Amino acid sequence: MTGHPDRLDGPAVRVARLAGHGLRGAGAADVPAAVGHLLAVQAQEFRASLWGLASRCGPGGGPVPTAAEALRAFDAGEVLRTHVLRPTWHLVLPDDVRGLLELSAPRVHRAASGMYRQEGLDERTRGRAAEALATAAAGAPVTRAEAAQVLASGGFPSSGNALTYLLMSAELDRAIVSGPVRGRRHTYAPFDERVPPAPGSAGAGESLGLTRAADERVDVPGRARDRALTKVARRYLAARGPATAKDLATWSGFTLTEVRRALAALAEHGAAAARPGAGVLDGLELWTAAPSRQAGPGRASRREVPVVDLLQGYDEYVVSYTQSRGVVLEGLGAAPGDRPGTALALESRAAVDGVGPYLHAVTVDGIVVGRWKTTVSARELVVDAQWYRAPSGSVRAALAAEVDRMAAHHGLAGALR
């Protein structure tokens, strides 16, 4: 820490975030527990997202759930994938998905309204298509191709962007949700077959299972939506704090006004507090959960051995933040260029030396120092790293150990190129 003891600098924020995200410490019991802790996990890169969750299970550096175990939990419906919060897929728990959709679906629909108009998908058409999809999936979960056939037989658009947006709209309207994976293909199942029913008297967002224990309850007066948003804010901070109000607004898709109101309610009840940033975070107001709900941001300790994480390109450690995202690039100078999104592998998938995209991020003690990609054969997983700065011997050794851990997750031998 630098300056005033209440101020949060980059090292302290990274320590707190790594712990909050489950990347340090005891870790989650299993993949569903990791999802529940994070509330929602961006997952358009599905199998990479399962690795990201598995890497948060158990003590740091130890064995992690296998890819097969993670997939079994998904197939069993212990974890679901759907469009929620923003116009992209997320992994969520069955107990949380209904309430999250109640809160966020209207905003995601509005975000997609331009594409709806472009494809001629008015509300009535989308509603009828959703009913057709849910009815067809009731017999057995359907793949995307089978869903297209269902839509075509009903006279609906069934290809290209129109198909994509009809499927997303049906997810947002809680007609369909992820079913078991069939081979390498995802399926859709009826929402109500995979998700517990909402309480009979629940209002908007009231079905959110967002209170982990009775002593953590924050009784916020006012509209049901305000209470639910406050629960979302509390769980965001518990897993991702310290963070700014803008970070939370961008991650959740809610307005900055709504987010500030939720944070103020948490502060009034002693469940969150704001602290000023320092160093690279100077000028920012960073919100943290109450100490009992989050590993408190303390003084960053010196480590004799670096810790390397192989983060998938859309890992929540990166995508949960916008305004304060640069903290993971602190000290790199101009090495990754002037565009944090590119440095974090978020804006460019261009081939490097003709060997394919380096989508994912290598971090050392929470700082992004490079990108990685994998080449997988029947017996071996090879990680190829592209560095922003030359790694030390201890960093390469830590990376090799993490490669072995990832390879074991996939049931393969590991190698580092």
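Look up: the structure comes first, before these words.
Further remarks concern empty space enclosed by the protein. Scanning all chains against the criterion turns up three cavities of 30 Å³ or more. As for the largest cavity, its lining consists of Arg-81, Trp-89, Glu-171, Ser-178, His-186, Thr-187 and Tyr-188. There is about 40 Å³ of room inside the second largest cavity. Lining the second largest cavity are Leu-229, Val-232, Ala-233, Leu-248, Ser-252, Phe-254, Glu-258, Val-259 and Ala-262. If you list the elements that add at least two residues to the lining of the second largest cavity, you get α11 (224-240), α12 (245-252) and α13 (256-268). Its residues placed into classes, the lining of the second largest cavity shows seven nonpolar, one polar and one charged.

A few words on α11. With 17 residues, α11 should reach 24 Å at 1.5 Å per residue; the first-to-last C-alpha distance of 24 Å fits that figure. Taking burial as the measure, the 17 residues of α11 include 16 buried ones, the bulk of the element.

The next thing to look at is the pairing of strand β6 (residues 187-190). Relative to β6, strand β4 (residues 142-143) runs antiparallel, the two being bridged by two bridges. In the strand pairing of β6, Val-142 is matched with Tyr-188. Looking at chain direction, strand β5 (residues 176-178) and β6 are connected through three bridges and run antiparallel. Bridge assignment links Val-177 to a residue of β6, and that residue is Ala-189.

Residues lying three or four places apart along an α-helix face the same way, a consequence of the helix completing one turn every 3.6 residues. For α12, a buried count of six out of eight residues is recorded, marking the element as mostly surrounded by other parts of the structure. On its buried face, α12 is in contact with α1 (10-20), α2 (31-38), α11, α13, β8 (285-289) and α14 (316-319).

Right, let's get into the packing of aromatic side chains. According to the stated counting rule, one finds three aromatic pairs in the structure shown. Centre to centre, the rings of Tyr-116 and Tyr-165 are 6.1 Å apart; their planes meet at 90 degrees, and the pair counts as edge-to-face. Residue Tyr-116 is found in helix α6 (residues 113-118), and its partner Tyr-165 is found in helix α9 (residues 160-172); the two are separated by 49 residues along the sequence. The exposure classification of Tyr-116 matches that of Tyr-165, with both residues buried. When the ring of Tyr-236 is compared with that of Trp-251, the centres are 5.2 Å apart and the planes differ by 45 degrees; the resulting orientation is tilted. Here Tyr-236 is found in helix α11, whereas its partner Trp-251 is found in helix α12, with 15 residues between them in sequence. For the residue pair Tyr-236 and Trp-251, the accessibility class agrees, reading buried in each case. Cation over ring: Arg-17 sits above Tyr-321, and NZ or CZ is 3.6 Å from the ring centre. Lying across the ring of Tyr-116, Arg-126 places its NZ or CZ 3.9 Å from the centre.

Counting 59 residues, the largest nonpolar core has Leu-237, Trp-251 and Leu-263 as its most contacted members. Of all hydrophobic cores here, the second largest spans 57 residues; its members include Val-41, Leu-93, Val-308 and Ala-361.

By secondary structure assignment, the location of Asp-9 is in the segment before α1. What makes Asp-9 buried here is its relative accessible area of 6%. For the pair Asp-9 and Ala-278, spaced 269 residues apart in the sequence, the C-alpha separation amounts to 4.5 Å. Among the polar contacts made by the side chain of Asp-9, one reaches the main-chain amide nitrogen of Ala-12 at a distance of 3.2 Å.

It is worth spelling out the sheet that holds β4 at this point. Strands pair in a sheet through their backbones, by hydrogen bonds, and they do so in one of two ways: parallel or antiparallel. On the basis of which strands lie adjacent, the open sheet formed by three strands has the order β4-β6-β5 and antiparallel pairing. Both edges of this open sheet fall to β4 and β5, since each of them pairs with a single strand only. On the sheet, helix α7 (residues 123-139) packs against β4, β5 and β6 and is oriented at approximately 95 degrees with respect to β6.

This paragraph deals with the pattern of salt bridges. Across all of its chains, the model carries 12 salt bridges by this definition. Of the charged contacts in the structure, one is a salt bridge between Arg-14 and Glu-330, with a shortest N-O distance of 2.8 Å. Taken together, the residues span a long stretch of sequence, with Arg-14 in helix α1 and Glu-330 in the loop between α14 and α15 (340-343) at a distance of 316 residues. Assessed through its relative accessible area of 25%, Glu-330 is described here as partly exposed. The partner of Glu-402 in a salt bridge is Arg-405, and the shortest N-O contact between them spans 3.1 Å. Taken together, the residues span about one helical turn, with Glu-402 and Arg-405 both in helix α16 (residues 393-409) at a distance of three residues. Comparing Glu-402 with Arg-405 shows no difference in burial state: the two are buried.

Packed helices, taken two at a time, are described by their axes: the angle between them and the distance between them. At their nearest, the axes of α7 and α9 sit 9 Å apart, and the two run at 80 degrees to each other. Accordingly, the angle class assigned to the pair α7 and α9 is roughly perpendicular. Between α7 and α9, the residues in contact are Arg-126, Ala-129, Ala-130 and Leu-133 and Leu-166, Leu-167, Ser-169 and Ala-170, respectively.

Attention now moves to the packing of α7 against helix α8 (residues 144-153). For the pair α7 and α8, interaxial distance at closest approach is 10 Å and the crossing angle is 125 degrees. By the criterion of interaxial angle, the relationship of α7 to α8 is oblique. In this structure, α7 crosses over α8, and the sense of that crossing is right-handed. Each of Ala-129, Ala-132, Leu-133 and Ala-136 in α7 lies in contact with α8, whose residues at this interface are Ala-147, Val-150 and Leu-151. In terms of residue class, the contact of α7 with α8 is made up of seven nonpolar, no polar and no charged.

The rules behind the values
- Residues numbered from 1 in each chain as written.
- Predicted model: local features only at pLDDT ≥ 70, side-chain atom pairs only at ≥ 80, totals over all residues.
- Heavy atoms only, no water.
- 1 Å grid on protein atoms, 1.4 Å probe; cavity = no way out; pocket = protein on both sides within 12 Å on 5 of 7 lines; lining within 4 Å.
- Points joined across faces, edges and corners; volume = space filled by probe spheres on them.
- Helix = DSSP H or I, 4+ residues; strand = E, 2+ residues; numbered from the N terminus.
- Nonpolar A, V, L, I, M, F, W, Y, C, P; charged D, E, K, R; others polar.
- Expected span 1.5 Å × (residues − 1).
- Buried < 20%, exposed > 50% of the residue type's maximum accessible area, 1.4 Å probe, protein only.
- Pairing = 2+ DSSP bridges.
- Contact = heavy atoms within 4.5 Å.
- Phe/Tyr/Trp six-rings, centres within 6.5 Å; stacked < 30°, edge-to-face > 60°.
- Lys NZ or Arg CZ within 6 Å of the ring centre and 35° of its normal.
- Core = buried A, V, L, I, M, F, W, Y, C linked by side-chain atoms within 4.5 Å.
- Polar contact = N/O pair within 3.5 Å; in protein donor to acceptor, adjacent residues only side chain to side chain.
- Axes fitted to C-alpha atoms, helices over the stretch in contact; angles between N-to-C directions.
- Salt bridge = Lys/Arg side-chain N within 4 Å of Asp/Glu carboxyl O.
- Parallel < 35°, antiparallel > 145°, perpendicular 65-115°, else oblique.
- Left-handed = near helix turned anticlockwise from the far one by under 90°.

Function cannot be read off these values alone, since they describe shape.
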